[in-house]
Amino acid sequence: NTCKVLDAAGAPSDLPVARGFAEPLVQHAQHCPEIHGQDGLGDLRPPLPMSSRKPWPGHAVQLLNETLQTANEPVTIVALAPLTNVAIALRTDRELWRSKVARIVWMGGAVSSGGNASAWSEANAAYDPEAAHMVLTSGLPLLMYPWDVFLKVSYNRDELLSFGSAGSAEGVTKQQELAAGGHCSASLLARRLLQRELHYFDVTEAMIGDAGAVAAVVSSSALTVRSLHVAIELHGGRTRGMTVCDLRAFAHPPDRPQEPANVEVV
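Residues numbered from 1 in each chain as written. Predicted model: local features only at pLDDT ≥ 70, side-chain atom pairs only at ≥ 80, totals over all residues. Heavy atoms only, no water.

Caption draft 1: Spatial organisation of the overall build of the protein. Looking only at helices and strands, the protein has twelve helices and nine strands in total. Radius of gyration (C-alpha) of the protein: 20 Å, near the 18 Å computed for a compact globule of 266 residues. By sequence separation, contacts in the protein at least 24 residues apart represent 75% of the contacts at least 6 residues apart. The average position of the 21 basic charges and that of the 27 acidic charges among the side chains of the protein differ by 3 Å. (Helix = DSSP H or I, 4+ residues; strand = E, 2+ residues; numbered from the N terminus. Rg over C-alpha atoms; globule rule 2.2 N^0.38 Å. Contact = heavy atoms within 4.5 Å. Lys, Arg positive; Asp, Glu negative; His and termini not counted. Charge placed at Lys NZ, Arg CZ, Asp CG, Glu CD.)

Caption draft 2: Inspection of the environment of E34 at higher detail. If you trace the backbone, E34 turns up in helix α2 (residues 33–36). Judged by relative accessible area, which is 52%, E34 ranks as exposed. Sequence separation between E34 and Y200 is 166 residues, and the spatial gap between their C-alpha atoms is 10.0 Å. Here E34 is in contact with Y200 and F201, once residues within four sequence places are set aside. (Buried < 20%, exposed > 50% of the residue type's maximum accessible area, 1.4 Å probe, protein only.)

Caption draft 3: Spotlight on the nonpolar core. Membership of the largest hydrophobic core comes to 34 residues, with the highest contact counts inside it found for I77, W97 and I104. No other element matches helix α7 (residues 129–136), which puts five residues into this core. Once residues within four sequence positions are removed from consideration, W97 is found in contact with L64, N65, L68, I77, V86, A89, L90, I104 and L140. Residues M107, A110, L143 and Y145 belong to the second largest nonpolar core, which totals eleven residues. (Core = buried A, V, L, I, M, F, W, Y, C linked by side-chain atoms within 4.5 Å.)

Caption draft 4: Structural context of the side chain of D148. Within the secondary structure, D148 is located in helix α8 (residues 147–150). A distance of 2.7 Å separates the side chain of D148 from the backbone nitrogen of V111, its partner in a polar contact. Polar side-chain contacts of D148 include one of 3.0 Å to the backbone nitrogen of S113. When neighbours within four sequence positions are excluded, D148 is seen to be in contact with A110, V111, S112 and S113. (Polar contact = N/O pair within 3.5 Å; in protein donor to acceptor, adjacent residues only side chain to side chain.)

Caption draft 5: Inspection of the confidence of the model for the protein at higher detail. Summing up the model confidence of the protein, the mean pLDDT is 91 and the portion of residues at 70 or higher is 92%. Confidence over residues 177–183 falls short of pLDDT 50; this stretch has twelve contacts with residues more than four positions distant or in other chains. (pLDDT = per-residue confidence, 0-100.)

Caption draft 6: Layout of unusual backbone geometry. Residue R45 is joined to P46 through a cis peptide bond whose omega torsion reads 0 degrees. Relative to the elements of secondary structure, P46 occurs in the loop between α2 and α3 (60–70). The amide bond that connects P253 to the next residue, P254, takes the cis arrangement and shows omega of 10 degrees. The residue P254 is located in the loop between β8 (243–245) and β9 (263–265) in this model. A positive phi angle is found at D43, which is not glycine, with a value near 50 degrees. Its place among the elements puts D43 in the loop between α2 and α3. Residue D43 is classed as partly exposed on the basis of its relative accessible area of 28%. Even without a glycine there, the phi angle at D202 is positive, about 50 degrees.

Caption draft 7: Spotlight on the packing of α3 against helix α4 (residues 84–92). Running from amino to carboxyl end, α3 crosses α4 at an angle of 55 degrees, the nearest separation of the two axes being 9 Å. Taken together, the axes of α3 and α4 are oblique relative to one another. For α3 against α4, the interelement crossing comes out right-handed. Residues A60, V61, L64 and N65 of α3 lie in contact with α4, whose contacting residues are N85, V86, I88, A89 and T92. (Axes fitted to C-alpha atoms, helices over the stretch in contact; angles between N-to-C directions. Parallel < 35°, antiparallel > 145°, perpendicular 65-115°, else oblique. Left-handed = near helix turned anticlockwise from the far one by under 90°.)

Caption draft 8: Fine view of the environment of R53. Checked against the element boundaries, R53 lands in the loop between α2 and α3. By relative accessible area, R53 is classed as buried at 13%. With 69 residues separating them in the primary sequence, R53 and E122 have C-alpha atoms 32 Å apart. Once residues within four sequence positions are removed from consideration, R53 is found in contact with C3, L6, D7, A11, P12, S13 and L15. At 2.8 Å, the side chain of R53 forms a polar contact with the backbone oxygen of A11. There is a polar contact of 2.9 Å between the side chain of R53 and the backbone oxygen of P12.

Caption draft 9: The arrangement of the pairing of strand β3 (residues 142–145) in detail. The alternating pattern of β3 places L142 and M144 on one face and L143 and Y145 on the opposite face, and all of these are buried. Pairing geometry for strand β2 (residues 101–107) and β3, over four bridges, is parallel. Looking across to β3, one finds that I104 is bridged to L142. Two elements, β3 and β9, share two bridges in a ladder whose sense is parallel. The partner of L143 across the bridge, within β9, is E264. (Pairing = 2+ DSSP bridges.)

In structure tokens form, the structure reads like this:
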């Protein structure tokens, strides 16, 4: 799927894509065909063309660390999923990450809006809490784009029409597909995914989702952030995977002391 999206985006053909872990560190993997479709790309019809790109021969952890080793300047890591690969790469060579990583930007967790995987657990935190714990306690600079903000960035049908991104609920015509040279352009793919969200969930607004975390990197000056201490709940029967954000204005004995902020939260 990543290769198909890179084709749609017109990314360089030699951009490496590596397979990561198929399961979390401790618990069993959970999949969401009800949200992302059986193919992970919304079951678009017609589907995206198959890609001729070949996956990088090594593991994603190896690719991450080799990329850092050869980097000439600090690298920003953007994570749009559970943090399994990031956590293992970091644990494999902690000093490398401390010296080469500018910050980690993570679409994950929630502050005060509850969750989606459960009442208080956002999916990217809930689907590998141990990995999230490893990253949150790593001491590395971390920007968290939480579920609270995920829910706020959206387009309604009229707004999509205003910049030509609305079309039929079924996606694109054969003529549009041919006009794109047999491949969906990035804008055409964005249109199809947003249309699919409006239609499939029968909603009036389509959220841009994880793309918001990427936008947070590209347009960081547009962000409002606050420094918080964030911990991951690992044991709660109803709260496992919850990102516990200390929102207290003060703490006074015998209250549990506030810990230093470890995350910048959008």
